[in-house]
Protein chains: 2
Amino acid sequence: MVLGLVFLQGDAILVYRVFRNESKRSAKLLHGIIHLLALIISIVGIVAVFDFHRASKIPDMYSLHSWCGLATILLFCIQWVLGLMFFLFPVASAWIRAMYLPLHVFCGVVLLVMSIGSCLLGITEKLLFSIMDTYSTRSPEGVLANSLGVVLVVFGILLIFIITKEEYRRPPNPEEEALSVHFKTLTEGASSPTP
Amino acid sequence: MVLGLVFLQGDAILVYRVFRNESKRSAKLLHGIIHLLALIISIVGIVAVFDFHRASKIPDMYSLHSWCGLATILLFCIQWVLGLMFFLFPVASAWIRAMYLPLHVFCGVVLLVMSIGSCLLGITEKLLFSIMDTYSTRSPEGVLANSLGVVLVVFGILLIFIITKEEYRRPPNPEEEALSVHFKTLTEGASSPTP
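Quick caveat: nothing in here was measured; it's all calculated off a predicted structure.

**Some thoughts on the overall build of chain A**
Phase 1: Within chain A, the secondary structure is distributed over eight helices and zero strands.
Phase 2: Listing the helices and strands of chain A from first to last along the sequence gives α-α-α-α-α-α-α-α.
Phase 3: A total of 195 residues make up chain A; the buried ones form 42% of that total.
Phase 4: For chain A, the share of sequence-separated contacts (at least 6 apart) that also reach a separation of at least 24 residues comes to 71%.

Here it is in structure tokens:
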């Protein structure tokens, strides 16, 4: 889950900040492909969890970690399908896409934060199940797992700082701007929104 | 901690969206006072935690909840003192304040999210310590505490949606604008940043 929903999802979001001079279509495609990889890894992960629970006769879906984690994965699936339909193989009209874009960006950031939160809950749960007796003595496993949690929090803060900083936003490409028709350009004369 | 660092901190942030027509000075003062209340409640809470640990001979600062929680409270104290120094009793020049404002807003949102995350970790920890045996049977305490966690997540998402939506931003007051001298107005001719 850390690999799929945190690391890969974070990388997919950063595509729009790293590839600033490549065409928007390429950035969009890479964003979708990395998210697809994240989706596949997460689904494999969640199937493995349910299989493990069944094999070990552990009840499902009772902890806060499981509630938050499943909600995150379900919303992530919906967000990926909507992103595919709206931006990679656009079925909606230009103005609906322009209206949906800020919501897509907002939900992406929320999903990243929810993923990190769910991972921290999972780390705490796993530690208390496995090393309840030695955790309070600051055993190496406990400190290592706590440190992973802290790294995830720092990763999330840095990533969201980069995403939300106006100066790091992908500059609109004049050639693409001239070729594309955007709702905002037509109605308000403003430049098209870029994620 | 839920009352101080989540509910009151959220309310303090919302002051700039709710009191759109009151003077900026009043909104700033109310923002600072509610944050002061949140700070006092959090400090009382953390002192109570350490006292309880000492009385019950429970070791301190070994869990991920304690690491994240203490980091959140320390950063919250720093943010409050800096906010007081930069905006309520300004000691810095106008351009330093204008540069610091976006960072203050960003850190405020990060602190709210970190507070919610720390509360969820605390809920999970408390449940596993207290009702480990009945938690997996979906006992009422477990479901109630999980539901509190979900409510906190929903509260956070709604609040950050309101804060980040451009349309809900406090409109600049023309009278205040005319009276105040801002770095941006002087150098770029743009309107002053409002949180």
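**Here's the deal with the UniProt feature "transmembrane region" (unreviewed entry) in chain A**
Residues and elements named next belong to chain A.
Phase 1: Here, the residues flagged by UniProt with the feature "transmembrane region" (unreviewed entry) are residues 29–50, 70–89, 101–123 and 143–163.
Phase 2: Each end of residues 101–123 is marked by a C-alpha atom, and these two atoms are 33 Å apart; helix forms 100% of the span and strand 0%.
Phase 3: For residues 143–163, helix accounts for 100% and strand for 0%, while the C-alpha atoms at its two ends are 30 Å apart.

**Overview of unusual backbone geometry**
Residues and elements named next belong to chain B.
Phase 1: One non-glycine residue, Lys57, adopts positive backbone phi at about 55°.
Phase 2: The residue Lys57 is located in the loop between α2 (24–56) and α3 (64–88) in this model.
Phase 3: Despite not being glycine, Arg138 has its phi angle at roughly 55°, a positive value.
Phase 4: On the secondary structure map, Arg138 appears in the loop between α5 (132–135) and α6 (140–164).

**A word on the relation of the copies chain B and chain A**
One chain copy maps onto the other through a rotation about an axis and a shift parallel to that axis.
Phase 1: Its rotation angle being 180°, the transformation that places chain B on chain A also includes 0.0 Å of axial translation and leaves an RMSD of 0.0 Å. What we have between these two chains is a two-fold relation.
Phase 2: Most of the interface of chain B is mirrored in chain A, where 100% of its interface residues again form contacts.

**Some points on the interface of chain B and chain A**
Phase 1: Between chain B and chain A, the residue contacts involve 33 residues of the former and 33 residues of the latter.
Phase 2: Buried area between chain B and chain A, summed over both chains or domains, comes out near 2900 Å², and the portion from carbon and sulfur atoms is 80%.
Phase 3: Across the contact surface, chain B and chain A share zero salt bridges.
Phase 4: The tally of links between chain B and chain A comes to 10 residue pairs in polar contact (both at pLDDT 80 or more).
Phase 5: Those elements that place two or more of their residues in the side of chain B that touches chain A are α3, α4 (94–130), α5 and α6 of chain B.
Phase 6: It is α4(B) that provides the largest number of residues to the side of chain B that touches chain A, a total of 12 residues.

**Looking at a nonpolar patch on the surface**
Residues and elements named next belong to chain A.
Phase 1: The grouping of Val18, Phe19 and Leu30 at the surface amounts to a nonpolar patch, some 230 Å² of accessible area in total.
Phase 2: Position of Val18 among the secondary structure elements: in helix α1 (residues 2–18).
Phase 3: Classification of Val18 as exposed rests on a relative accessible area of 56%.

About the criteria used
Here the residue numbering is sequential within each chain, running from 1 through the sequence in written order. Starting at A for chains and at 1 for ligands, labels are handed out in the order in which the entities are written. With pLDDT at 70 or above as the cut-off, local features in this predicted model cover only qualifying residues; side-chain atom pairs require 80 or more to be listed or tallied, and sums for whole chains, interfaces and linings still use all residues. Computation of side-chain values: all heavy atoms of the structure, hydrogens and water removed. For helices the rule is a DSSP run of H or I covering at least 4 residues; for strands it is a run of E covering at least 2, with both sets numbered from the N terminus onward. Relative accessibility under 20% of the residue-type maximum defines a buried residue, over 50% an exposed one, and the middle range a partly exposed one, all with a 1.4 Å probe and only protein chains included. Throughout, a contact is declared for two residues whenever any of their heavy atoms are within 4.5 Å. UniProt positions are given in the numbering used here, feature names are shortened, and annotations may be inferred rather than shown by experiment. Overlaid copies result from least-squares superposition on C-alpha atoms, with residues included only where pLDDT is at least 70 in both. Buried area adds together the accessible area that both of two parts lose upon being put together, with accessible area traced by a 1.4 Å probe. Criterion for a salt bridge: a side-chain nitrogen of Lys or Arg within 4 Å of a carboxyl oxygen of Asp or Glu. In protein, a polar contact means a hydrogen-donor-capable atom and an acceptor-capable atom, both N or O and within 3.5 Å, with residues adjacent in sequence counting only if both atoms are side-chain atoms; elsewhere, any N or O pair within 3.5 Å suffices. Within the patch definition used here, like charges are joined within 9 Å and nonpolar side chains (Val, Leu, Ile, Met, Phe, Trp, Tyr) within 5 Å, considering only residues with over 30% relative accessible area and no salt bridge. For the area figures, the Shrake-Rupley method with a 1.4 Å probe applies, and any residue is considered shielded solely by the protein chains shown.

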